[in-house]
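Structure at a glance
So the chains spell out like this:
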Amino acid sequence: GIQVEQSPPDLILQEGANSTLRCNFSDSVNNLQWFHQNPWGQLINLFYIPSGTKQNGRLSATTVATERYSLLYISSSQTTDSGVYFCAVERGETSGSRLTFGEGTQLTVNP
Amino acid sequence: NAGVTQTPKFQVLKTGQSMTLQCAQDMNHNSMYWYRQDPGMGLRLIYYSASEGTTDKGEVPNGYNVSRLNKREFSLRLESAAPSQTSVYFCATTVATPLHFGNGTRLTVT
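Attention in this report is confined to the structure presented alongside it. (Residues numbered from 1 in each chain as written. Chains lettered and ligands numbered in written order. Predicted model: local features only at pLDDT ≥ 70, side-chain atom pairs only at ≥ 80, totals over all residues. Heavy atoms only, no water.)

Comments concerning the overall build of chain B
In terms of regular secondary structure, chain B is built from zero helices and eleven strands. Going from N to C terminus, chain B has its helices and strands arranged as β-β-β-β-β-β-β-β-β-β-β. Considering only C-alpha atoms, chain B reaches an extent of 35 × 25 × 25 Å along its principal axes. In chain B, once contacts between residues fewer than 6 apart in sequence are set aside, the share between residues at least 24 apart is 53%. For chain B, the separation between the mean place of its 10 positive charges and that of its 7 negative charges on side chains is 6 Å. (Helix = DSSP H or I, 4+ residues; strand = E, 2+ residues; numbered from the N terminus. Contact = heavy atoms within 4.5 Å. Lys, Arg positive; Asp, Glu negative; His and termini not counted. Charge placed at Lys NZ, Arg CZ, Asp CG, Glu CD.)

Right under this line is the structure:
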């Protein structure tokens, strides 16, 4: 099956700093999503981004499908950004959405 | 509008006991999924249902059964719980994209 590798595994920032999280995948995909799992365990969908660039407030994401990677940018980080960020991808039809998840990046933002 | 609702939130079972995890959605989505999350790992797909009346195995289906009762409800059953099934279980739904998750069920098997 498809392999998903996220880096770095852990990241510690001071409030206000910027960061870039990376997701590499081993095969072509037509579905890629980024999720944030907050410290209470809730999983929130951040982006659906199989290709191109999207922005939502302080967060933006870019996927370069031909080179098999995606980047999540967090600018002016806040303590509420802490948690685990997951990348998930799928080959094949989008309607089934059988996403394969990476192991995540644990982000800690200190005040 | 509750989105995706999972019950119970917490459960402790003894080895060999059975239980059913419930998931209901009010988003009118066709596809529903059960994932498990273990410490330090991403989510792994147990079973999914692309539409009412259909179910398929995911990456880790052994020891589980599912029922897609109707469009709204998708349940996960452990017939004989084992300590290896201690995990956090998430239900999710989608209509194509993106994926929406419930708040999870934390299950401990002793």
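What about the sheet that holds strand 3 (residues 19-25) of chain A?
Residue and element names in this part refer to chain A. On the basis of which strands lie adjacent, the open sheet formed by five strands has the order 1-3-8-7-6 and antiparallel pairing. Only two strands of the sheet have a single partner each, and these edge strands are strand 1 (4-7) and strand 6 (52-56). Sheet twist, expressed as the average angle between the axes of neighbouring strands with direction ignored, equals 15 degrees. The pairing of strand 1 with strand 3 spans four bridges and is classified as antiparallel. When the sheet's bridge partners are listed, Ser 7 is paired in strand 3 with Arg 22. (Pairing = 2+ DSSP bridges. Axes fitted to C-alpha atoms, helices over the stretch in contact; angles between N-to-C directions.)

A short note on the interface of chain A and chain B
Between chain A and chain B, the contact holds 19 residues from the first and 20 residues from the second. Between chain A and chain B, a total of about 1500 Å² is buried, with carbon and sulfur atoms accounting for 56% of that surface. For the interface between chain A and chain B, the tally reads zero salt bridges. The interface formed by chain A and chain B holds three residue pairs in polar contact (both at pLDDT 80 or more) in total. Going through the elements one at a time, strand 4 (31-37) and strand 5 (43-48) of chain A are the ones with two or more residues in the side of chain A that touches chain B. Ranked by the residues each element gives to the side of chain A that touches chain B, the list is headed by strand 4 of chain A, at four residues. Of the residues belonging to the side of chain A that touches chain B, the class tally is six nonpolar, eleven polar and two charged. (Buried area = accessible area lost by both parts, 1.4 Å probe. Salt bridge = Lys/Arg side-chain N within 4 Å of Asp/Glu carboxyl O. Polar contact = N/O pair within 3.5 Å; in protein donor to acceptor, adjacent residues only side chain to side chain. Nonpolar A, V, L, I, M, F, W, Y, C, P; charged D, E, K, R; others polar.)

Brief notes about unusual backbone geometry
In this structure, Pro8(A) follows Ser7(A) across a cis peptide bond, with omega equal to -10 degrees. Relative to the helices and strands, Pro8(A) resides in the loop between strand 1 and strand 2 (10-14). Of note, the bond from Thr7(B) into Pro8(B) is cis; its omega dihedral lies within 30 degrees of zero at -5 degrees. Structurally, Pro8(B) is set in the loop between strand 1 (4-7) and strand 2 (10-13). You will see that Arg68(A), though not glycine, has its phi angle at about 60 degrees, which is positive. Phi angles above zero are rare outside glycine, and Ser76(A) is one such case at about 45 degrees. Following the sequence through the fold, Ser76(A) ends up in the loop between strand 8 (69-74) and strand 9 (83-90).

Purely geometric stuff here, so don't read any function into it on its own.
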